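So you can see what is in the structure, the chains are spelled out below.
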Amino acid sequence: MPANGDDNRPSPETLLKLAQAEDAGSEQAKQGKLKIFLGYAAGVGKTYAMLEAARKRKGEGRNVVAGYVESHGRSETDALLAGLEVIPRKEIIHQGMRLTEMDLDAVLARKPQIALVDELAHSNAPGSRHEKRWQDVEEILAAGIDVFTTVNIQHFESLNDVVAQITGVTVRETLPDHLLDTAFEIRLVDIPPEDLLQRLHEGKIYIADQAAKAIEKFFRPGNLMALRELSLRRTAARVDDQMRAYMETQAITGPWATTERLLVCISGSPYSEKLIRATCRLAEELKAQWYTVYIETPESGKHARENREHVWRHLRLAESLGSQVASITAPSVTVAILDYATRHNVTKIVMGKPTRPRWRELVSPPVVDRVIRHSGAIDVVVVSFESAEKPDGKARHAAQGTFEFRGYAASLMLVIVVSVLCELFRPLLDPTNMVMFYLLAVVVAAVRLGRKQAVLTSFLGVLAFDFFFVPPRLTLAVADPQYLITFIALFTVGVVISTLVARSRERAEAMRTRELQTASLYYLSRDLAAAVDIGAVIKALIRNVEEALNAQLALFLPEGERLNIVAASNGLAINAKEQAVADWAFRNRHPAGRGTDTLVSSDLLYLPLQTPASVLAVMGVHLENDVEYRSTESRRLLDAFATQAAMAMERVQFSRQAEQAQILQARENLERALLNSISHDLRTPLSSVTGVLTSLRDEGAHLSDQARRELLDTACGEAERLNRFVANLLDMTRIEAGAVRLNLEPCDVQDLVGCALAVLEPRLGNREVSFKMLPVMPLVPMDLVLMTQVLVNLLENSLKYSPAATLIEIVASTDANRLIIEIADRGPGVPEKDLQRVFDKFYRIPVPEGAGGTGLGLSICKGIVEAHGGTIRAENRPGGGLKIVIHLPLSSTEN
């Protein structure tokens with residue numbers, strides 16, 4: 001047994017932890033060691049104790065420097081600081097104030113063996129490298145320098161709300177608990193509260209006015225006693241963790257009775273409640289931590305199912321009384337109890353006195369006897385109770401008696417059938433060979449009927465074999481004494497076979513239950529993994545709960561301050577009372593309703609779907625019968641379902657947040673592109689216009705008429721460019737808002753091209769543009785003004801991107817029901833991957849020197865063409881160049 005066996009080798013889990021600890025130790029060996037001088041309030045002497053330890057280390061030849069030590073003007077502290085090298089502090093100017101902080105870079109450059117850093121929870125001045133001093137300390141440790149530091153217990157993050165409740169003061173300067181957990185050494189600096197108050201009155205901690213305020217708000221005797229207890233307990237817990245880790249890695253079976261720990265074992269019997277209460281009283285008397293454990297074995301699977309409601313209630317009772325509870329599946333109750341006790345350093349195991357008849361104890365020793373035999377140094381407390389019958393014992397025994405009677409009758413029938421078969425084969429078989437038939441009957445009874453019925457079959461088989469087939473026949477007398485060995489062997493083998501078969505059957509049933517639970521969790525995980533939104537998660541959860549537990553389900557989601565039902569199984573009605581229970585479970589983050597200890601009159605069991613951060617939903621479950629509500633297996637499965645559903649909902653929320661973040665980022669990029677475009681395309685023409693006007697104002701009298709005319713032409717051109725830019729922005733806004741109203745009229749394509757070329761005539765200059773069309777072209781319904789703007793934008797693009805000596809081609813044609821307009825140039829074209837993006841807002845390809853634009857022209861063209869019911873696309877030309885193809889319907893699409 002693990003508690004007192006001769007084999008003290010560590011378990012595989014322990015060896016793995018030891019290897020991980022060694023790896024962590026090798027990493028930590030490269031870092032400095034942190035020693036914390038821990039106190040419960042200012043003035044207990046932390047800095048004094050740190051300086052005393054530092055002087056001792058210096059006397060041993062260690063290289064010690066004071067990185068930051070705050071003496072608060074105390075002469076005895078200054079005296080200890082004398083003789084130690086002090087790193088000059090770094091001055092920081094903040095809002096006109098001169099602040100001093102530890103010079104982190106100077107400490108790192110000095111690289112001592114030990115650095116003294118006072119006030120670990122201090123917040124650094126703005127402008128420092130780190131926000132908190134503990135972050136400075138971590139950087140010093142990472143450089144391989146040991147650190148001595150001081151801190152009070154109230155500054156640790158996990159105790160912040162506890163300290164606020166005790167003192168009424170919320171501590172603002174906090175630091176993470178991992179510093180205390182990973183410190184190489186913790187030295188508790190402690191003095192009685194009376195002495196601390198005396199020092200406060202004497203002005204050794206604060207000046208008179210500050211001392212009076214401190215006594216009034218913080219330094220009250222009750223506050224100091226509570227803070228002192230917190231520091232003592234936190235230090236003791238750290239020491240206890242170190243001791244247990246050492247025992248585990250060194251394979252020390254223990255326990256080491258440094259503090260009392262009790263373990264009570266329950267079985268679902270009517271005495272378990274009394275046993276739990278007795279252990280609670282004993283734990284209170286000893287001021288000890290206590291555990292409650294229930295061991296489920298494959299052999300006890302049937303018993304566990306019959307008593308699972310009692311087991312669940314007993315575990316909840318123990319938890320409500322302050323115990324840590326656990327339910328363990330193991331092949332051996334004794335081994336599981338002792339292993340749990342050893343791992344948790346338990347000093348006393350509390351068990352109930354056996355109530356079985358003495359003769360049964362001789363056949364099968366009770367668990368308490370086996371635990372006592374193998375407990376080693378662990379004390380075993382046996383609690384005795386008066387014998388009491390369960391309230392429902394008679395009814396249950398009556399039902400069990402009826403079932404067992406049928407099984408015994410079936411055993412008798414098996415023996416009769418085998419005896420008849422043996423009689424038929426008696427002329428062909430020797431009596432000793434007939435034993436096999438009776439063994440077969442035992443196996444059938446063990447598989448089909450149960451262990452007790454199989455033992456009865458074995459016993460009846462011995463009697464029938466003796467009576468019918470052993471000479472002299474039809475009597476129980478035995479002529480040959482050697483048959484006695486056959487009888488004993490037949491009965492013994494029958495009992496062994498029945499026991500083994502029954503045990504295998506029970507284990508198989510337990511494995512089948514576990515398999516069903518595992519399969520249910522797998523199917524739910526698979527469905528949740530494929531869910532992309534909350535609705536899919538809800539549907540997967542309802543479907544899997546209904547299939548796995550044959551239950552009905554209702555799901556509630558928070559909407560503002562209310563909790564609303566969003567989905568429910570068919571036929572499940574939720575009234576105002578059930579809604580209130582679900583709301584309570586949501587607000588208190590605790591199960592409620594049927595099968596719990598809260599609002600038990602409810603028809604459903606309500607489980608909050610929660611993550612460490614928040615409660616995402618509430619799941620209401622209606623099971624088939626009352627027993628299922630307190631079933632350990634059902635609750636475990638429901639808890640697992642709730643946890644997986646909460647994780648899936650959280651994943652969907654994170655995915656949605658990530659998508660929103662991407663949309664926000666895209667919007668910011670778009671706004672940035674718009675601002676960049678506006679800033680450039682507005683500034684350039686405005687600068688030109690401003691320059692022209694400035695020149696005319698300052699030097700107009702000295703300029704010739706031709707020079708003034710050129711300047712004015714330049715200003716007009718830039719003003720027109722600015723006007724087009726603003727018009728493009730307005731057009732894009734109208735298109736996106738759906739505010740474009742078409743004035744459709746039958747138009748001639750030749751007129752459309754002519755209007756566009758007329759607008760661009762000043763910019764075309766000597767540029768050659770060819771226009772080809774069919775001899776006969778129908779009139780096409782379009783808004784001539786808007787479509788002229790489309791052609792102008794497309795021709796402007798061709799002018800910008802194609803060489804000046806190349807031809808721009810316009811071709812117009814028709815097919816069965818569309819007008820086709822093509823504008824082609826011999827420019828550089830567009831990369832194939834960007835052919836679809838050229839119509840996006842603010843998209844630009846690299847342009848030749850002097851060719852600029854907003855990136856809105858083609859996007860406006862696309863909006864206008866699509867408003868006409870047409871399409872527009874870009875394609876590269878063979879031999880180089882770009883061709884834009886427009887398709888417009890020949891008939892009006894307006895209703």
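From a predicted model like this one, the values you see are computed outputs, not experimental measurements.

Conventions and cut-offs
- Residues numbered from 1 in each chain as written.
- Predicted model: local features only at pLDDT ≥ 70, side-chain atom pairs only at ≥ 80, totals over all residues.
- Heavy atoms only, no water.
- Helix = DSSP H or I, 4+ residues; strand = E, 2+ residues; numbered from the N terminus.
- Buried < 20%, exposed > 50% of the residue type's maximum accessible area, 1.4 Å probe, protein only.
- Contact = heavy atoms within 4.5 Å.
- Phe/Tyr/Trp six-rings, centres within 6.5 Å; stacked < 30°, edge-to-face > 60°.
- Core = buried A, V, L, I, M, F, W, Y, C linked by side-chain atoms within 4.5 Å.
- Expected span 1.5 Å × (residues − 1).
- Pairing = 2+ DSSP bridges.
- Axes fitted to C-alpha atoms, helices over the stretch in contact; angles between N-to-C directions.

Engineer: I'd like a rundown of the environment of Q31, residues and numbers included.
Structural biologist: Relative to the helices and strands, Q31 resides in the loop between α1 (12-29) and β1 (34-39). Judged by relative accessible area, which is 41%, Q31 ranks as partly exposed. Distance from Q31 to E138, taken between C-alpha atoms, is 9.4 Å for residues 107 residues apart in sequence. Other than its neighbours up to four places away in sequence, Q31 contacts L141, A142 and G144.

Engineer: Give a description of the packing of aromatic side chains that names residues and reports values.
Structural biologist: Inspection of the entire model under this criterion finds five aromatic pairs. Plain terms: the ring middles of Y291 and Y340 are 6.0 Å apart, the flat faces sit at 80° to each other, and that makes the pair edge-to-face. With Y291 in strand β10 (residues 289-296) and Y340 in helix α13 (residues 333-343), this pair connects stretches of sequence that are 49 residues apart. With a centroid separation of 5.0 Å and 85° between ring planes, the pair formed by F467 and F468 is classed as edge-to-face. With relative accessibility at 30%, the residue F467 sits in the partly exposed group. Exposure remark for F468: the relative accessible area of 32% places this residue in the partly exposed category.

Engineer: Lay out the nonpolar core with the relevant residues and their values.
Structural biologist: When a protein is soluble and globular, its nonpolar side chains tend to lie buried together. Judged by nonpolar contacts, the single largest core of 57 residues is most densely connected at L34, Y40, L116, I140, V151, L175 and L196. At five residues, the largest contribution of residues to this core is made by helix α2 (residues 46-59). If we skip the residues at most four places from it in the chain, L175 touches L120, A121, W134, V151, H155, F156 and E157. Counting residues in hydrophobic clusters, the runner-up holds 41 residues, among them L760, I810, I823 and F839.

Engineer: Would you mind going over helix α19 (residues 482-530) in detail, with residue names and values included?
Structural biologist: Since the α-helix advances by 3.6 residues per turn, residues separated by three or four positions end up pointing in the same direction. In this model α19 runs 71 Å from its N-terminal to its C-terminal C-alpha over 49 residues, within 8% of the 72 Å that 1.5 Å per residue would give. Among all positions in α19, only Y483, F487, L490, G494, S498, V501, A502, Q517, S520, L524, D527 and L528 are buried.

Engineer: Can you lay out the sheet that holds strand β22 (residues 808-814) for me, pointing to particular residues and giving the numbers?
Structural biologist: Pairing between sheet strands relies on hydrogen bonds along the backbone, with the strands arranged either parallel or antiparallel. Taken in spatial order, the five strands of this open sheet run β20-β22-β23-β25-β24, and their pairing is mixed. Each edge of the open sheet carries a strand with a single partner, namely β20 (769-773) and β24 (871-876). Between one strand and the next, the sheet's axes are offset by a mean angle of 15°, whatever the strand orientation. In this sheet, strand β25 (residues 882-889) lies alongside strand β23 (residues 818-824) in antiparallel orientation, the contact comprising seven bridges. Its bridge partner lying in β25, I821 is registered against I886. In the packing of helix α25 (residues 749-764) onto the sheet, contacts are made with β20, β22 and β23, and the angle to β20 comes to roughly 180°. Contacts from helix α26 (residues 784-801) reach β22, β23 and β25, with the element oriented near 25° to β23.

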